[in-house]
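Residue-level structural notes
These are the residues of each chain, in order.
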Amino acid sequence: MIDVVALGEVMLRFDPGEGRIRTTRSFQVWEGGGEYNVVRGLRRCFGLRTAVVTALADNAVGRLVEDLILQGGVDTSLIRWVPDDGIGRTARNGLNFVERGYGIRGALGVSDRAHTAASQLRKGDVDWDDVFAGGVRWFHTGGIFAGLSDTTVDVADEAPAAARRHGVTVSYDPNYRPSLWAGRGGADAAREVDLRLARHADVVVGALGLAGAYPGQARVGADEVADALAEVAGLLPEARVLATTLREVPSAGINDWSSAAWSPETGFVTGPRMPGLQVLDRIGSGDGFAAGLIHGLLTGTPLDRALAYGTAHGALTMTTPGDVSMATLGEVEALMAGDAAHVRR
């Protein structure tokens, strides 16, 4: 039985380490994807049984991605395999080249994901009633998958509707990526899709992405977060929890990291503050936050403690390379208790 299912594209990430994409002669490879990273963290750090719904072209690259997913412990039985035509004319697998950044040089992502198998998923390709009939407790998707194509918007719409029919809790992360919406209506179209899909959700992660007139428009100061979340709550009256990370970036290697949330029961709640957090690789930290938050909510902890799980797990995700978490539950709870960096023997 699966506890948590995610819907999203899983790409092969190419990491030049301390170097740069345009000058490197070697890459480390990882798997990663905004929605997948959440269930990967829930499986490896928090011990939940998870699965990902995605599509891959059936070739050696797709099988490498599958092997990486299997190493992460995420169930692969819901992957849709698309026949390979030999050159990727009809379907291919997504690639993501990512520099970590250093000091004044920020992280850089160069994705190569047009016409991928996942982007061609259509409404009706997945029997969602069958997926959710076996006791799934939580479903997660987000704006990255929805932004892949016009057809993935429809898939991201039908899946949570089916989840709600089966009593499954739904979470959604707007996760706006300008590159996905260029030439397809831009930020205005992304905003329309995000609001349409977030209205299915019980929990919205990255909720500040829905503040303002369009994604990225609102630059919310620390003293404005409560009002911004209240604004989003007015747009999503059925939401049970709105949560967000809070990040200031003095440099690529030093971030001030925290979180906040709102629910009808608690009102505005803040998470632990971690100023001056040293960062090795920030990619995937928001997904790590989502995984910790979901773990806390699934286990029935109060919202402030769920925020603490998310904040600590997201912070630890930034201390290791790659998109996915390498943290243990013991490390997360030690950080929550303020006792993380001591030597363990």
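First, a word on scope: everything that follows refers to the structure included in this document. (Residues numbered from 1 in each chain as written. Predicted model: local features only at pLDDT ≥ 70, side-chain atom pairs only at ≥ 80, totals over all residues. Heavy atoms only, no water.)

Attention now goes to the environment of Gly62. Tracing the chain through its elements places Gly62 in helix α2 (residues 60-71). Measuring from C-alpha to C-alpha, the distance between Gly62 and Met11 comes to 9.0 Å, with 51 residues separating the pair along the chain. The residues contacting Gly62, other than those within four sequence positions of it, are Leu56, Ala57, Trp81 and Asn93. (Helix = DSSP H or I, 4+ residues; strand = E, 2+ residues; numbered from the N terminus. Contact = heavy atoms within 4.5 Å.)

The next thing to look at is the packing of helix α9 (residues 285-298) against helix α10 (residues 303-317). The geometry of α9 relative to α10 is characterised by a closest axis approach of 7 Å and an angle of 150 degrees between their N-to-C directions. Of the possible angle classes, the one that applies to α9 and α10 is roughly antiparallel. Two packed elements cross with a definite hand, and for α9 against α10 that hand is right-handed. For the pair α9 and α10, the contacting residues are Ser285, Gly288, Phe289, Ala291, Gly292, Leu293, His295, Gly296 and Leu297 in the first and Leu303, Ala306, Leu307, Tyr309, Gly310, Thr311, His313, Gly314 and Thr317 in the second. The class makeup of the residues in the contact of α9 with α10 is eight nonpolar, 10 polar and no charged. (Axes fitted to C-alpha atoms, helices over the stretch in contact; angles between N-to-C directions. Parallel < 35°, antiparallel > 145°, perpendicular 65-115°, else oblique. Left-handed = near helix turned anticlockwise from the far one by under 90°. Nonpolar A, V, L, I, M, F, W, Y, C, P; charged D, E, K, R; others polar.)

Here we come to the nonpolar core. Counting residues in hydrophobic clusters, the biggest one holds 52 residues, and the most contacted among them are Trp128, Phe132, Phe139 and Leu242. Residues Ala6, Val10, Val205 and Val241 belong to the second largest nonpolar core, which totals 49 residues. (Core = buried A, V, L, I, M, F, W, Y, C linked by side-chain atoms within 4.5 Å. Buried < 20%, exposed > 50% of the residue type's maximum accessible area, 1.4 Å probe, protein only.)

Next up on the list: the environment of Asp3. Looking at the secondary structure, you find Asp3 in the segment before β1 (4-7). Between the alpha carbons of Asp3 and Ala159 there is a distance of 16 Å; along the sequence they are 156 residues apart. With residues up to four places along the chain from it excluded, the contact list for Asp3 reads Leu48, Arg49, Val136, Arg137 and Trp138.

One open sheet accounts for four strands, arranged β3-β2-β7-β8; its pairing is mixed. In this open sheet, the two edge strands, each paired with only one partner strand, are β3 (28-32) and β8 (108-112). Neighbour-to-neighbour, the strand axes of this sheet turn through a mean angle of 25 degrees, independent of strand direction. (Pairing = 2+ DSSP bridges.)

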